[in-house]
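Per-entry structural report
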Amino acid sequence: MVITEVLEQAFGLRPVAVSPLGGEVDQNLAVDLHDGTRVVVKISPPGTDPDHLRGQHTLMSLAAQQGALDPVHVPTMVPSQTGDTVVELASDGTVRGGESVRGGAGARLVTVQGWVEGRTLSELNAHSVELLGELGGTAARMVHALASAKGLPTASSHHWDLLRAPEAVTDGIGAVDDRARVEQVRRIVSWFDDAMDRHRTELSMAVVHHDLNDFNVLARRGMDGRHHVHGVLDFADALYTVRVSELAIAVAYAMLRKPNPLSAAAAVVRGYAAELELTDAELAVLYPLAAVRLCVNAVTWTKRCAEGGTAYGQERMRHTWPAIAHLARTPPELAELVFREAAGATVAPVVPVAGEGALSVLGTSAGPAVDVRAHLHPVAELGARRSTVAGETATHRLGVELASAEPFKLFAPYDGVVEERDAVPEPLLILRHEGNIWSRWTGVTSTVSRGDRVAAGDVVGKAAVPSGVGVRVAVFRSAETARLVERALVPASEVGAWAVVSPDPQEFLGLGVRRSREGDGWTAGRVLATRDVHFARSQRSYYERPMNLVVGRGTWLYDEFGRGYLDAMNNVSHVGHGNPRVVAAATAQLQRLNTNSRFLYPGIAEYAERLTALLPDPLDVVFLVCSGSEANDLAIRMARQVTGRSDVLVVDGAYHGNTSVITGLSPNRYKGPGGTGPDPTTHEVEQPNRYRGRFGYGDPQAGPKYAADVQRQLDRLTQRGRPPAAFIAESAMGTAGSIFYPDGYLDHAYAAVRAAGGLCIADEVQVGFGRLGDVFWGFQSQDVVPDIITMGKPIGNGHPMAAVVTTREIADAFDTGMKYFNTFGGNPVSCAIGTAVLDEIAEQDLQARAAETGREFRSRLEQLAARHELIGDVRGHGMYLGVELVRDRTTKEPAGQEALLVSELMKDEGVLVYPTGSAGNVLKLKPPLTFTKRDAELFTDVLDEVLTRDW
Ligand code: PMP
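Residues numbered from 1 in each chain as written. Predicted model: local features only at pLDDT ≥ 70, side-chain atom pairs only at ≥ 80, totals over all residues. Heavy atoms only, no water.

1. Observations concerning the overall build of the protein chain
Of regular secondary structure, the protein chain possesses 26 helices and 39 strands. A principal-axis box enclosing the C-alpha atoms of the protein chain has dimensions of 105 × 85 × 45 Å. Put simply, the protein chain has 951 residues, and 56% of those count as buried. Pairs at least 24 apart in sequence give 73% of the contacts found in the protein chain among residues at least 6 apart. Of the accessible surface of the protein chain, which amounts to about 39,100 Å², a share of 51% is contributed by carbon and sulfur atoms. Between the mean site of the 93 positive side-chain charges and the mean site of the 115 negative ones, the protein chain shows a separation of 1 Å. (Helix = DSSP H or I, 4+ residues; strand = E, 2+ residues; numbered from the N terminus. Buried < 20%, exposed > 50% of the residue type's maximum accessible area, 1.4 Å probe, protein only. Contact = heavy atoms within 4.5 Å. Areas by Shrake-Rupley, 256 points an atom, 1.4 Å probe, with all protein chains shown as cover. Lys, Arg positive; Asp, Glu negative; His and termini not counted. Charge placed at Lys NZ, Arg CZ, Asp CG, Glu CD.)

Written out as structure tokens, the structure is:
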């Protein structure tokens, strides 16, 4: 009887199409039914115990019970006509169901289960931290769901039984020809044996699915644009065994295809620990169990492929062997610490190595200048890397690096014994010192031999390469770790664990003590929690998992671990974070004098001259204030007073600041979440948005056409007898989503406003000071001269200062006798800083650099747009660019959630950008003007990689 007849007769189904699916033991078929649904038909080989299958089905129904794995699905069994789930296809072709299923000789068992949608984790090219967390959570919930299944007839053991891994390895290892692989597997099995010897009796038992591998877990893209765990298949390997095996197996396969397997594993552990507590013993055995599982997998499939070969097996091993090679060099003591941290424990602080009296590794006589690059700090050359594989990149140096342009000698800081000496693949030396400390030296040519004793002060060797690659010295607390750990870089998320496994060698090497971590114990989590207590929720922070910044230099920001983040979003730090000229000017002036502007001091006069010299006539009267909002508030107040009118025109979508008056003039706020609408005197004009608006990039008349709406609003207001006091517009729109006006827009708009007796205010808070490259002020790109200009953000490179500049005529008209005083505006320190910023822009030629780098940056982004459908528009000039993300290029549906996710993932890769715009779907790019072409290249490489991932 063919299978379709079996399905019709025994299950009452009406198949229309059958296609084969893969499988290790069963023959699996996907069958499309008459009613449009789909089922999976499993045909088990002769000899399968029907009760064993029924046991699996009971586990499936436990896992499927309301809420047990929510929102993760398991297949639902389709009962046969008899009500039983199992049907027997006897060797004579007859079909039997219910009680009469006997599992007779040659008989095969047929079961049918519902189809679960999704792509297997193995099919996705990347796994987000969230997805891996959900995998861990699913493992924990599976343990819960199956808790009542104790005593069900699951198999007592089988080939994949994790506790019998050494047997499975012994059984197949003969088929592995590669000696290095055999050695890796043996090492991992020894870790397993060791961990089990110590902890086996402390481990709790449970019925577990026991096969949450990447072929059995399905994911589906949700409404948020990300993949989420959606289904779990295949209960055939379920066992009553140690509970932690559920997590260990999920962890094992999550480590495949990752540049840093432990980071991925930690994400799974974090997800599990959030739902179910992990005991100390479980944390201790987790890594050996997971690693040994991959060994069983690789060895088994190597053997089976040698015996006949399956495509499934080949596919499996393609990723398993490389992961094993990495794990074999990842010591269990490190993994255990990483997992403990992931499970919420605080890892013990670094134990200081060595005490008084360490001799210097560089000797006592004055040698060549040697640059000491610190342990667990990010490598400065991070920007050069190209990340091709999805996942966290290793960024932090392990051990100190000593580099010099000339050869130099190295001396032993302590007595020791040479435990290992190698020249290949690179010069390597391992010394054992008293107190169970091992030092590992690479890049050192040495004449010592294994077993030699060295005394403190003896020459250990010479820097092998006189220039370029430096000497690296790392310190470890176990011989095995010192031998195994070859890597030079580790990922940021593992820095805490590495700091324990490999203490800072600086003091040990007699190079002086350095502070290990900045931040005084204020981790990102603690800062966030404290903000939650003492700040209002309306004061949001960037990112779902924010970093904790402690240092900024140039285009880079650094967290408390020293991890660097390339800053592509901070237009305030115009001349670079921590700019030395600005810092020096501020420091000197703070030491000398700080007071308010009703006193006389030279700095304020000089600054007013310098600033107005950059502006066209007749803009030469300055009000120095403290924030962009305050500048706009004053500009509006001035316009109202001077014209004797109240109404104001604003561009739809604009943001001008946070004061009461300005909030009512900022459509971005009053029309956004929580907004209560415009002030009665606020009137919007159409946003001149050529990507989304009525007149597009192809329309050369778009400028005057959009300006026609300004005229319309003016006419309307004039007819009502209330012509406006002012038209306020950013010279290019920032918060609205990096929107550049078409040619002629401001020109026509200003002419209309002035004809109606209103003043024109240009908000240059975001785009001024050379950012746009071709022009110093944004309004110059529109060929207009405003009546009032407001400035902020970059003016003080992060110091709170801002300015309003207007004409003598307007300033005089504003002088009604009422005093204007600003306690902090224009104080000597602000003026010194403002002058330093102007000097820096001029001397570093930053405007020209913004133009040139901006052109290249934009063209790189345009190249990405050609390859990634999500990018709907790339726009902007100089160091002020916008990348608008859309779900569909035709409908232009804004991809706001995607923009947030892209920003989050880029942050994880060490690159900072954030969404803006009314729909939050525009990546705003406005880095310090010191941004280099290499920075632009790094940014686009990382964006490219993130957009290529299956989220
Ligand atoms: N104007 C514009 C165009 C702005 O982008 C901002 C700030 N994002 C402001 C004014 C307000 O400046 P501040 O936050 O310094 O008050």
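2. As for the environment of Val710
Structurally, the position occupied by Val710 is in helix 20 (residues 702-719). Sequence-wise, Val710 and Val685 are 25 residues apart; in three dimensions their C-alpha atoms are separated by 5.7 Å.

3. Observations concerning the side chain of Asp944
Along the polypeptide, Asp944 turns up in helix 26 (residues 933-948). In terms of polar contacts, Asp944 uses its side chain to reach the side chain of Arg867, at 3.1 Å. (Polar contact = N/O pair within 3.5 Å; in protein donor to acceptor, adjacent residues only side chain to side chain.)

4. Focus: the pairing of strand 31 (residues 726-730)
Burial of strand 31 is extensive: five of the five residues sit out of reach of the surface. Side chains Ala726, Ile728 and Glu730 project from strand 31 onto one buried face, and the interleaved Phe727 and Ala729 project onto a second face that is buried too. With three bridges connecting them, strand 29 (residues 648-651) and strand 31 associate as parallel partners. Following the sheet pairing, Val650 is matched in strand 31 by Ile728. The pairing of strand 31 with strand 32 (residues 759-763) spans five bridges and is classified as parallel. (Pairing = 2+ DSSP bridges.)

5. A closer look at the packing of helix 16 (residues 602-613) against helix 23 (residues 828-843)
For any two helices packed against each other, one specifies the crossing angle of their axes together with the interaxial distance. For the pair helix 16 and helix 23, interaxial distance at closest approach is 9 Å and the crossing angle is 35°. In the crossing of helix 16 with helix 23, the sense of the turn from one axis to the other is left-handed. Contact residues: helix 16 offers Gly603, Ile604, Glu606, Tyr607, Arg610 and Leu611, while helix 23 offers Cys831, Gly834, Thr835, Leu838 and Asp839. In terms of residue class, the contact of helix 16 with helix 23 is made up of five nonpolar, three polar and three charged. (Axes fitted to C-alpha atoms, helices over the stretch in contact; angles between N-to-C directions. Left-handed = near helix turned anticlockwise from the far one by under 90°. Nonpolar A, V, L, I, M, F, W, Y, C, P; charged D, E, K, R; others polar.)

6. What to know about the site of the ligand
For the ligand, the set of nearby residues contains 13 residues, the closest of which are Gly628, Ser629, Asp763, Gln766 and Lys793. Contact distances for the ligand include 2.9 Å between an oxygen atom and a backbone N or O atom of Gly628. Of all the elements, helix 17 (residues 628-643) adds the most residues to the shell around the ligand, at three residues. Residue classes in the shell around the ligand are distributed as two nonpolar, eight polar and three charged. (Near = heavy atom within 4 Å.)

7. Re the packing of helix 20 against helix 21 (residues 745-755)
Relative to each other, helix 20 and helix 21 sit at 20°, their axes nearing to 8 Å. Here helix 20 lies roughly parallel to helix 21, going by the angle between them. Seen along the crossing, helix 20 lies across helix 21 with a hand that is right-handed. Between helix 20, through Gly703, Pro704, Tyr706, Ala707, Val710, Gln711 and Leu714, and helix 21, the contact on the second element is made entirely by Tyr745, His748, Ala749, Ala752 and Val753. (Parallel < 35°, antiparallel > 145°, perpendicular 65-115°, else oblique.)

8. Concerning the pattern of salt bridges
Evaluation of the coordinates by the stated rule reveals 52 salt bridges. Ionic pairing is found between Glu167 and Arg164, a salt bridge with its closest N-O pair at 3.2 Å. Judged by its relative accessible area of 33%, Arg164 is partly exposed. Between Glu401 and Arg397 there is a salt bridge, with the nearest N and O atoms lying 3.3 Å from each other. According to the relative accessible area criterion, Arg397 is buried, its value standing at 6%. Here the residues in one salt-bridge network are Glu130, Arg226, Glu544, Arg545, Glu904, Lys907 and Asp908, joined through shared partners. (Salt bridge = Lys/Arg side-chain N within 4 Å of Asp/Glu carboxyl O.)

9. Some remarks on the state of the cysteines
For the structure shown, the criterion picks out zero disulfides. Here Cys295 is not disulfide-linked; the sulfur of Cys305 is the nearest cysteine sulfur, at 16 Å. On the accessibility criterion, Cys295 (0% relative accessible area) is buried. (Disulfide = S-S within 2.5 Å.)

10. Quick look at the sheet that holds strand 36 (residues 880-885)
The four strands are arranged 35-36-39-38 in an open sheet whose pairing can be described as antiparallel. Edge positions in the sheet fall to strand 35 (871-877) and strand 38 (914-916), since each has one partner strand and no second. Neighbouring strand axes in the sheet, compared pairwise and without regard to direction, differ in orientation by 30° on average. As paired elements, strand 36 and strand 39 (residues 922-925) share four bridges and run antiparallel to each other. Paired with Leu881 across the strands is Leu925, a residue of strand 39. Docked against the sheet, helix 25 (residues 896-908) engages strand 36, strand 38 and strand 39, running at close to 155° with respect to strand 38.

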